Structure formats: structure tokens, C-alpha cells
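Residue-level structural notes
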Amino acid sequence: MINRILAMGVLARTTVAEAIRDRILYGLLLFGIGLILLSAVLSNLTVGFRLRIVTDISLSAIMAAGTIMAVLLGVGSIAKEIEKKTAYPLLAKPISRGEYIIGKYLGVLSTTYINVLLMMAAATFMIAQYREESGHHAYAWNAFIITLLFLLIRLAVVASVAVFFSTFGSSTFALISSVGFTVAGYFTSELRFFLEKSESELLRAIGKGLYYTMPDFAMLDPLPLLIHNHPIFTPSTLFAAVYALAYALCLLTLSAFLFSRRDLG
Amino acid sequence: MIMRLASFLLVVVIAGTAHFFHIHSSRSASREIAITNEVRLFIPDGKSIRHFCLGQRTTLADLFWLKLVQYLGTPEAYRKGLHQLLPLAHLITDLDPEYGYAYMAAGLVLNSKKRVVESNEILEKGAQNSSRWEIPFYLAFNYWYELKDYIQGAHWLKKAALVPGRPTYITGLVQRLYSQAGTLDMAKQFTKAMLEETPSEEHRAELLQRLKELDIEEDLQKIERALAIFEKDKGRPAWSLEELIGIAPPHLLPFSPYHHSLQYDPLTQEVKSPLLEKRFALPKMEEPVIEAREK
């Protein structure tokens, strides 16, 4: 058991080492940090409450850059490696395909997290410069940290989506599907809202089915609560975190199952 | 070498062409603005795009807020009446219904342009969605000062006085507004209700003082009416307040614990109390108030 965990750890470490050499990551990192700096510039164009502008734009920039990283890394480290057959020597070793998937996933997630944590540090530094402007309320650093944690949780789900589509399709298919699925994840509650207004029983059932099948990213975003100084650490956010982790775990299990049945020959 | 030079020249030509058309397009747009006399903004329908912004509603609202601030700072737009301010404010608040500043800024600026109906439209939307006390306060000002509708003014001011975090003077304003609209009883009832809702001892003491002032004001108003009845009945002004006993109707005689403080000057026929620094003036009732009351 320990050997298997160690093997997955080695695989994750190798994935990080390979991914970190990818120049596109640096591009995305610069893009994210650039947007965070831009938020400070934009905040000078507003009247009052600059803290809100900086917080809002910085965290959105991190989420956007982190999502693109998770998708590209997830697709690149599994689907592309299979296409290029560079994954074969690894798969020939005494390691199960499930362990391969989990090791790769952990590598993808670690690389994404390293970059995202750098952006988070930049955003926190920037927000700290404006904290005096939070009015008569002290800036809700606890809520800010919970929002960052949720951002990491969302990225874990995005990475699991990318890994899932990489296990049974080409890299192009995996990329398009991952992007589509992630984008759709922001519409699930809207989709349900619209389809539930339909008079057709079938459409309503489809709406409900899609709502429960696709990830609900809107539920995992406490940024509006942070912005409006509402309580964040509530039972509903706790349930949302458990839901997201269970969702990612479910996709990983499914990925491991599908990959173990895939004919690579 | 020649190929490199040619490639470089080609890049320069393409970049120059792009720059030329960019400048040309920009100048043309400026002329169009001058022709239409209005600064054109792209303002999508907030109710539609809020479904398609990938969960980034607050960020998008921020970006449009920055646009609103820039729009307000455009002299041309200001001179022409800021006709796109209301749609822009609606867009921002559709994206983020709790965007308190957007309601406040739009409400205030529209008021300054004497577009009170539009100002009330955005402020009433704000009062439904935002918890800022300033929003009902501005509404009260619009109704009271601009539309002379004291009943609605007092209604919104009362709402502002109930919002946590409002300044304490708001409660005093509510009383005066009710008093000036001639409904002193309502002011007293509201103050008593506020007293029950207020846990802060400091604020309770302030409210008790205001209740005392309202009681004295009520006494003064009753005495003034009793004096008028006395003068009509006897054909002369009363020499002292004691003369009123037995002449004025009993319901007009003061009952508050502070009535002993009342002082009457028979020469000027003025009644006052040293416990009340400033009387609640009763303004002339104007049409909207009368209409609102009739409704």
C-alpha cells in the first residue's frame, strides 16, 4: 500500500517537473499577475471602495488563469502523452492505470496550485495595500482565506474534469470537452432555472438531470459573499465544499475505471 | 539579407496601415459623437447577460461601474443630460443587485439633473436589494424636498432609520418630518417603536429625550388651539393659562408630565417651554400631501 502511494507520489512529482518546464504556464502566470496589477490601476479610476475592485478583479483573474492552467495541464499530461506514446514506458512499469491517473492528477493539481499560490500571494499583497479602505468594518481576512480555499477547490474539480476527458479521447477532444464542460458548469443553475420553466415534463427532467450531472461552479464561488461582507462560513458553504470534493473524487474514480478499460494498443 | 530587409519593411508597412486605420476610425467616431451630441456606450441588457458571464457577475458589474464613473466624468455627456446613466445603472445593478454605490451615485446625480422620477426608480430598486441606509434616505429627500410628498418622504426616512449603521440623527429627522406633515401622533408612535427596538442605552436615552420633546410640542399645540378658542369666545386674549380652565375643551388641556414647564406671555400671546429649544414648524400643506392623504 505504501509502495503504491509512493509510486503515485513519484508520478506526481515527475508530472510537476515536466509541466513546470512548459512555457505556456509562465505566460499564464504573467497574465494572471498582470491582471492583478491592472486591478490596482483600475481601482484608481473609481470613486471610493477601491478595495472591492481590487479584490474582485484579482480573484477573478486568478480563477481564469488557474482554470486555463488546470485544463491545459490535465489534457497535456495524459491525452497528449498517450498520443505521443510517451506514457507507454510508464504504463509498462508495475503501476496500475488507476494509480497512473491519480498520480497524474496530483501532479497536474500541484503544478496548478504552485502557480495559483504565487498569484494569490500577489493578490493578497495588493489587497493588503488597500485594506485601510474597508470603511468602518475591518477587512474580512477570514472570509478572504475561505474564498481562496474555494478557488483551490474549484480548480481541483476543473483538473478532474480535464483528466476525465483525457482518459478516453484525443487531446483535441479532451481540450474542447473540458473547456465546454467547465463553461457549462457555470450555467447549470441557470439551465435548471430556464428548463424548469418549461411546460414539458421531459425538458424539466433533462434540466434536472443536467443540473445534477454537471458541476455547479456558481455554488462554489463565495466571492460575492466576500465582496458584500456577508457571512461565508455557513453550513451551505461547508456542504458545497464537500460536494465539490466528492464530485472530483467521483470523476477521478470514473477516469480510473475508463482508463483501465481503454485499449492502448 | 534582402529577404530580411523585405520582411522588416513588410512588418513596418502592415503596422503603419493598422495604425492609420485605427487613428482614422477613432477620429471618425469622435465626429459621430459630436454629430449625435451624445457619448455612445455599449450597454447590453443586464437581465440577459447576467446569465452568460461565467459566474463573474460582480467583476463584470465592477467593470461597468468603472465605465459609469468615466461617463459621469465626461463633460460632453454631463452637458447633454447623462441620458445613458439610468440604463448603465440598471445594467450594473442587474449584474450585482447589492451594488449599493451604483444606486446611490445614479440616484444622486439624476436628482441633481432634476430627473426625480428616474432617480426614484433606481433608488427604489436599490431599497429592495441593498442594505445601505443612504438609499431610503435619498428617496426620502426626493419625495420630501423635490416632490413635496411628506407622507412618502417620512415612509422612506423611517425605513432609513431602521437600517443598522445609520447615523442617529436620522431618527430625529423622521420625527420632524412627521411633525411637519402635521401627524405628531405618528412621530410619537414611531419613536416609541424605535425605543423598543433599540438595545443601546445611549440611543435609548436620546430617544427618550426626543419623546419628551414631542410631548411638549403636543402640549404647546394644544395650548395654542385652546388660546385661540378662548379669544374667539371672550373677544380678548387670555391673561394667563389658568384662565383657560373651564373655557377650553378638556381634550385640549395638556396632560403630559412636562406641562408645568409651559410659559405664556400675554403680550405676545406666545407659549413656549424652556425644555424645548426648537419648535417643530408646521409648513403649509401642498397638493401632493393632501392628495396622498386622501388616497
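Residues numbered from 1 in each chain as written. Chains lettered and ligands numbered in written order. Predicted model: local features only at pLDDT ≥ 70, side-chain atom pairs only at ≥ 80, totals over all residues. Heavy atoms only, no water.

**Describing the overall build of chain B**
Across its full length, chain B holds 13 helices and two strands. Looking at chain B as a whole, 42% of its 295 residues are labelled buried. For chain B, the share of sequence-separated contacts (at least 6 apart) that also reach a separation of at least 24 residues comes to 60%. Element-wise, carbon and sulfur atoms account for 60% of the exposed surface of chain B, whose accessible area totals about 16700 Å². (Helix = DSSP H or I, 4+ residues; strand = E, 2+ residues; numbered from the N terminus. Buried < 20%, exposed > 50% of the residue type's maximum accessible area, 1.4 Å probe, protein only. Contact = heavy atoms within 4.5 Å. Areas by Shrake-Rupley, 256 points an atom, 1.4 Å probe, with all protein chains shown as cover.)

**Quick notes on the interface of chain B and chain A**
At the junction of the two partners, chain B supplies 20 residues and chain A supplies 20 residues. Carbon and sulfur atoms supply 59% of the area that chain B and chain A bury against each other, a total of about 1800 Å² over both sides. Three residues, His51(B), Leu54(B) and Leu66(B), lead the burial of chain B against chain A; their summed loss comes to 29% of the area buried on that side. Between Asp62(B) and Arg52(A) there is a salt bridge, with the nearest N and O atoms lying 2.7 Å from each other. Taken together, chain B and chain A are joined by nine residue pairs in polar contact (both at pLDDT 80 or more). Here the side of chain B that touches chain A takes 10 residues from helix 3 (residues 57-72) of chain B, the largest share from any one element. When its residues are assigned to classes, the side of chain B that touches chain A shows nine nonpolar, six polar and five charged. (Buried area = accessible area lost by both parts, 1.4 Å probe. Salt bridge = Lys/Arg side-chain N within 4 Å of Asp/Glu carboxyl O. Polar contact = N/O pair within 3.5 Å; in protein donor to acceptor, adjacent residues only side chain to side chain. Nonpolar A, V, L, I, M, F, W, Y, C, P; charged D, E, K, R; others polar.)

**With respect to the nonpolar core**
Nonpolar side chains tend to gather and get buried jointly when the protein is soluble and globular. Counting residues in each nonpolar core, the largest one holds 75 residues, and the members touching the most others are Ile62(A), Tyr105(A), Val116(A), Met119(A) and Leu226(A). At the level of elements, helix 1 (2-19), helix 2 (23-43), helix 3 (50-83), helix 5 (97-130), helix 6 (141-166), helix 7 (171-185), helix 10 (223-227) and helix 11 (235-261) of chain A are the ones that each hand at least two residues to this core. With 18 residues, the single largest contributor to this core is helix 6 of chain A. Contacts of Leu226(A), omitting those with residues within four sequence positions, involve Thr55(A), Leu59(A), Tyr139(A), Ala140(A), Ala143(A), Phe144(A), Thr147(A) and Ile232(A). Counting 45 residues, the second-largest nonpolar core is a separate cluster that includes Trp65(B), Tyr71(B), Trp133(B) and Ile170(B). (Core = buried A, V, L, I, M, F, W, Y, C linked by side-chain atoms within 4.5 Å.)

**Quick look at unusual backbone geometry**
Of note, Asn229(A) is a non-glycine position whose phi angle comes to about 60 degrees, a positive value. Take Asn229(A): it is sitting in the loop between helix 10 and helix 11. Take Asn229(A): its relative accessible area is 43%, and that puts it in the partly exposed class. Positive phi, normally seen in glycine, also occurs at Gln269(B), with a value near 55 degrees. Mapped onto the elements of the fold, Gln269(B) is located in the loop between strand 1 (263-265) and strand 2 (270-272). By relative accessible area, which is 35% here, Gln269(B) ends up partly exposed.

**Observations concerning the pattern of salt bridges**
Applying the stated rule across the entire model yields 11 salt bridges over all chains. Notably, a salt bridge pairs Arg154(A) with Asp221(A), separated by 3.4 Å at the nearest N-O pair. Here the residue Arg154(A) occupies a position in helix 6, and Asp221(A) occupies one in the loop between helix 9 (201-213) and helix 10, the gap between them amounting to 67 residues. Looking at Arg154(A), the relative accessible area reads 4%, which means it is buried. Looking at Asp221(A), the relative accessible area reads 12%, which means it is buried. The residue Arg236(B) makes a salt bridge to Glu243(B) at a minimum N-O spacing of 2.7 Å. Put simply, Arg52(A), Asp56(A), Asp62(B) and Asp96(B) are held in one network by salt bridges that share partners.

**Things to note about the packing of helix 3 of chain B against helix 5 (residues 85-95) of chain B**
Residue and element names in this part refer to chain B. Relative orientation of the contacting elements helix 3 and helix 5 amounts to 160 degrees, with a least axis distance of 8 Å. When the axes of helix 3 and helix 5 are compared, the pair comes out roughly antiparallel. Classified by chirality, the crossing of helix 5 by helix 3 is left-handed. Of helix 5, the residues touching helix 3 (which contributes Arg57, Leu60, Ala61, Phe64, Trp65, Lys67, Leu68, Tyr71 and Leu72) are Leu85, Leu88, Ala89, Leu91, Ile92 and Leu95. Class assignment of the residues belonging to the contact of helix 3 with helix 5 gives a composition of 13 nonpolar, no polar and two charged. (Axes fitted to C-alpha atoms, helices over the stretch in contact; angles between N-to-C directions. Parallel < 35°, antiparallel > 145°, perpendicular 65-115°, else oblique. Left-handed = near helix turned anticlockwise from the far one by under 90°.)

**Quick look at the side chain of Ser58(A)**
Residue and element names in this part refer to chain A. Among the structural elements, serine 58 can be located in helix 3. In this structure the side chain of serine 58 is engaged in a polar contact, spanning 3.3 Å, whose partner is the side chain of serine 39. Among all residues touching serine 58, those that are not within four sequence positions of it are Ile36, Ser39 and Ala123.

**A look at the confidence of the model for chain B**
All names here are of chain B. Chain-level statistics for chain B give a pLDDT mean of 77 and a share of 78% at 70 or above. For chain B, per-element mean pLDDT is lowest for helix 13 (residues 287-294), which scores 42, and highest for helix 5, which scores 92. Scored below 50 in pLDDT, residues 282-295 makes 25 contacts in the model with residues more than four places away or belonging to other chains. (pLDDT = per-residue confidence, 0-100.)

**Quick notes on the packing of helix 2 of chain A against helix 3 of chain A**
All names here are of chain A. Look at helix 2 against helix 3: their axes get within 8 Å of each other, and the N-to-C directions meet at 170 degrees. In terms of their interaxial angle, helix 2 and helix 3 are classed as roughly antiparallel. Of helix 3, the residues touching helix 2 (which contributes Ile24, Leu25, Leu28, Leu29, Phe31, Gly32, Leu35, Ile36, Ser39, Ala40, Leu42 and Ser43) are Arg50, Ile53, Val54, Ile57, Ser58, Ala61, Ile62, Ala65, Ile68, Met69, Leu72 and Leu73. Looking at side-chain class alone, the contact of helix 2 with helix 3 contains 19 nonpolar, four polar and one charged residues.

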